[in-house]
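# Per-entry structural report
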Amino acid sequence: MKTKQLFLNEEQRQGSLNTAAEILKNGGTVAVPTETVYGLAASALSDSAVAKIFTAKGRPQDNPLIVHISDVKMLFKVAKEIPDVVFRLAEKFWPGPLTLVLPKGENVCESVSAGLDTVAVRCPKNETALELIKTSGLPLAAPSANLSGSPSPTKASHVVADLNGKIDAVLMGEDCAVGVESTVVTLVTHPPRLLRPGAVTAEQLREFLPDLVIDPAVLKELESGEQAASPGMKYKHYAPKKQVFLVEGESRAFCDYVNHRENAVALCFEDEAEKITIEKLVYGSSDSAETLAKNLFDMLRKIDTLEADEAYVHAPEKTGVGLAVYNRLIRAAGFKVITL
Ligand code: TXA
Ligand code: MG
């Protein structure tokens, strides 16, 4: 299949959005920028459209998708038995990087939820994503627009590298502002549970959900036989082809440690670069987890373009947005953590 690249400069924008909306209404697939990562969208109302997402990504059939809506009104079309706290959360965090798991509405097709009776829903903040939902008039099922298992796409070029020839079109938008996927919280369990950390932090959510618990799978590997509350948690994820190690420790200890590695690259903080004598990539400043999040997936992709056999990544603090960065890195490392 030939993948159309749809451009979003002033003259082409409306035409591109109309073309993309037509493709979606006809049961096709379109990659779209969101503020978190690029998504691969199809109509959430059509099993045959959603099947194309799973095929293009090579995604395991039991891993459900997030449904994207353009406003709270649309929530009633995709979910049911909506508790009041959802409206307070929506007022504060939507549009934005927060996904809520709720009882599934009847219209949403089976394969979106991979057979579960719940549905994950979010209202994205990116203008292009919002306009695409409005123009198509459809709730859009959209996982990250990468090949399953590889780092999520935060640039249009990442999508093209992974999915060219496998999807109908890509909206060629800007780089993603947040850089890690949305926070996922399930409200169907008591107490509510954080399944995946993102830019909306646990600390922010506790103002609305004081009894929020953090799923153990956020920070550690599931034991064999343990059931994942969020099916996506059990897969190796976000991983370059090279072996990645996540290194925890003080700055000086990290620099010393990596300087003794051979055939390796370090992924480090800004102020460490000059102290590191092996090949290095910088992913941001240790006191700004937001910058680490924004650059993370691009850097994980860059690791694969280098000669080195292994990568050593300096772990961020596990607070605020740092928890989301740590959660992605520990999966990219296949849970191989070195504590100095
Ligand atoms: O920021 C994002 O969330 C991006 C953009 C495109 O919106 N989307 C995204 O989708 O990251 P995906 O498919 O890569 O991740 C969805 C996560 C998976 O871990 C999946 O298991 C979980 O959400 N999920 C989806 N539906 C669920 C449900 N009904 N119950 C529990 N977990 C669910
Ligand atoms: Mg993904």
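Quantities reported herein were computed from a predicted structural model and do not represent experimental measurements. Counting of residues starts from 1 at the beginning of each chain's written sequence and follows it residue by residue. Here every chain gets a letter starting at A, and every ligand a number starting at 1, in the order they are written. The model is predicted, so local features are restricted to residues of pLDDT at least 70 and side-chain atom pairs to those at 80 or more, both for listing and for counting; the totals for chains, interfaces and linings are taken over all residues. Computation of side-chain values: all heavy atoms of the structure, hydrogens and water removed.

## Let's talk about the packing of helix α1 (residues 13–25) against helix α5 (residues 127–136)
Note the cut-off: The axes used here are C-alpha line fits, helices contributing only the stretch in contact, and every angle between their N-to-C directions lies in the interval 0 to 180 degrees. Secondary structure elements follow DSSP: runs of H or I no shorter than four residues count as helices, runs of E no shorter than two count as strands, and numbering proceeds from the N terminus. Should an angle fall under 35 degrees it is called roughly parallel, over 145 degrees roughly antiparallel, and 65 to 115 degrees roughly perpendicular, with every other angle called oblique. Take the far helix as the reference: if the near one is turned anticlockwise from it by less than a right angle, the crossing is left-handed, and if turned clockwise, right-handed. The contact criterion used is simple: two residues touch if any of their non-hydrogen atoms lie within 4.5 Å. Amino acid classes used here: Ala, Val, Leu, Ile, Met, Phe, Trp, Tyr, Cys and Pro are nonpolar; Asp, Glu, Lys and Arg are charged; the rest, including Gly, are polar.
At a minimum axis separation of 9 Å, α1 and α5 run at an interaxial angle of 55°. If you check the angle between α1 and α5, you find them oblique. Considering only the axes of α1 and α5, their crossing is right-handed. Here Arg13, Gln14, Leu17, Asn18, Ala20, Ala21, Leu24 and Lys25 of α1 lie close against α5, whose contacting residues are Glu127, Thr128, Glu131, Leu132, Thr135 and Ser136. Residues belonging to the contact of α1 with α5 are distributed by class as follows: five nonpolar, five polar and four charged.

## Here's the deal with the pairing of strand β13 (residues 264–268)
Our working definition: Working definition: with a 1.4 Å probe on protein chains only, accessible area under 20% of the residue-type maximum means buried, over 50% means exposed, and in between means partly exposed. A pair of strands is treated as paired once DSSP finds two or more bridges between them.
Counting buried residues in β13 gives five out of five residues, a clear majority hidden from the surface. Alternating positions in β13 separate into two faces, Ala264, Ala266 and Cys268 on one and Val265 and Leu267 on the other, with burial throughout. Looking at chain direction, β13 and strand β15 (residues 310–314) are connected through four bridges and run parallel. Note that in β15 the partner of Ala266 across the bridge is Tyr312.

## Side note on the environment of Val170
By the element assignment, Val170 lies in strand β8 (residues 169–172). On a C-alpha basis, the gap between Val170 and Gly149 in space is 20 Å, while along the polypeptide they are 21 residues apart. Excluding residues within four positions of it along the chain, Val170 makes contact with Thr3, Lys4, Gln5, Leu6, Ala31 and Val159.

Any functional reading would require information beyond the geometric quantities listed.
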